[in-house]
Amino acid sequence: ETGVTQTPRHLVMGMTNKKSLKCEQHLGHNAMYWYKQSAKKPLELMFVYSLEERVENNSVPSRFSPECPNSSHLFLHLHTLQPEDSALYLCASSQRPGTPAPELFFGEGSRLTVL
Amino acid sequence: GQNIDQPTEMTATEGAIVQINCTYQTSGFNGLFWYQQHAGEAPTFLSYNVLDGLEEKGRFSSFLSRSKGYSYLLLKELQMKDSASYLCALRQAGTALIFGKGTTLSVSS
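Student: Mind showing me how you'd approach the sheet that holds strand β1 (residues 2-5) of chain B here?
Tutor: Backbone hydrogen bonds are what pair the strands of a sheet, in a parallel or an antiparallel way. Residues and elements named next belong to chain B. In space, the five strands of this open sheet follow the order β1-β3-β8-β7-β6, with antiparallel pairing throughout. Of all strands in the sheet, those bounded by a partner on one side alone are β1 and β6 (53-57). Strand-to-strand twist across the sheet, computed as the mean angle between neighbouring axes with direction ignored, equals 15°. Direction of pairing for strand β3 (residues 18-26) relative to strand β8 (residues 70-75): antiparallel, over a ladder of six bridges. Across the sheet, residue Q19 finds its bridge partner in β8, namely L74.

Student: I tried to follow the packing of aromatic side chains on my own but got confused; where do I start?
Tutor: Where two aromatic rings form a pair, the distance of their centres and the angle of their planes describe that pair. Taken as a whole and assessed by the stated rule, the structure comprises 14 aromatic pairs over all chains. Ring centres of Y33(A) and Y35(A) lie 6.4 Å apart, and the angle between their planes is 35°; on these two criteria the pair is classed as tilted. Here Y33(A) and Y35(A) have matching classes, each one buried. Both rings, one in F106(A) and one in Y35(B), keep their centres 5.7 Å apart while their planes meet at 90°; by these two values the pair is edge-to-face. Within this pair, whereas F106(A) is found in strand β10 (residues 105-106), its partner Y35(B) is found in strand β4 (residues 32-37), the two belonging to separate chains. For the pair shown, F106(A) and Y35(B) are each scored as buried. Among the aromatic residues, ring-to-ring pairing joins Y33(A), Y35(A), F106(A), F33(B), Y35(B), F45(B), Y48(B) and F99(B) into one connected group.

Student: Would you mind showing me how to read the sheet that holds strand β3 (residues 18-25) of chain A here?
Tutor: All names here are of chain A. Strand order in this open sheet of four strands is β1-β3-β8-β7, and the pairing throughout is antiparallel. On the outer flanks of this sheet lie β1 (4-7) and β7 (64-70), each paired with one strand and no other. Adjacent strand axes in the sheet meet at a mean angle of 15° when their direction is disregarded. The pairing of β7 with strand β8 (residues 73-79) spans five bridges and is antiparallel. Paired with N70 across the bridge in β8 is H73.

About the thresholds
Residues numbered from 1 in each chain as written. Chains lettered and ligands numbered in written order. Predicted model: local features only at pLDDT ≥ 70, side-chain atom pairs only at ≥ 80, totals over all residues. Heavy atoms only, no water. Pairing = 2+ DSSP bridges. Helix = DSSP H or I, 4+ residues; strand = E, 2+ residues; numbered from the N terminus. Axes fitted to C-alpha atoms, helices over the stretch in contact; angles between N-to-C directions. Phe/Tyr/Trp six-rings, centres within 6.5 Å; stacked < 30°, edge-to-face > 60°. Buried < 20%, exposed > 50% of the residue type's maximum accessible area, 1.4 Å probe, protein only.

Have a look at this one:
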């Protein structure tokens, strides 16, 4: 099992569809993240889930809805998306700061195309 | 808020040394990270600095000056496989990282 696994790797959807991205981490971490990566733009933090916090980037539209049922699984539910939402969606996990390994571990990403 | 600046593109030749700079402004600081990302792949962790000074890890080193809001990533003995994007990232508080736009490094023979 790889550390952080994302499915599907590629997704094409229409603007009226509802779909979900799934992320699973096998590293025993206690924080998980969704990032969006678009061409020519920096990685954009969308959502964070950890033991003490749930943080949302206030600029993320409500058509993106996260769900974190436990510390190993993270979902991103998508509905009525726009073509500009086409991007690579990266999931990551980490331990909390102050631990010996504070870095984020990324999955391979889900490439989303909205038609 | 925070602002992270790094050059958009750099080129170098095999065997050379290259330094990728990152400057930042931030209201809080809890660590600076460097990641490598090959085209079509996930970012992978390279280095982490939370105190001033140099951290060395094989061919890669990273330096931090908190008072100057400055870091660099030094790559020695460049190889073709080092062609990638290099991402500078800040941790303010909490766990999340805020990333710069990345520097695309092209290594030629």
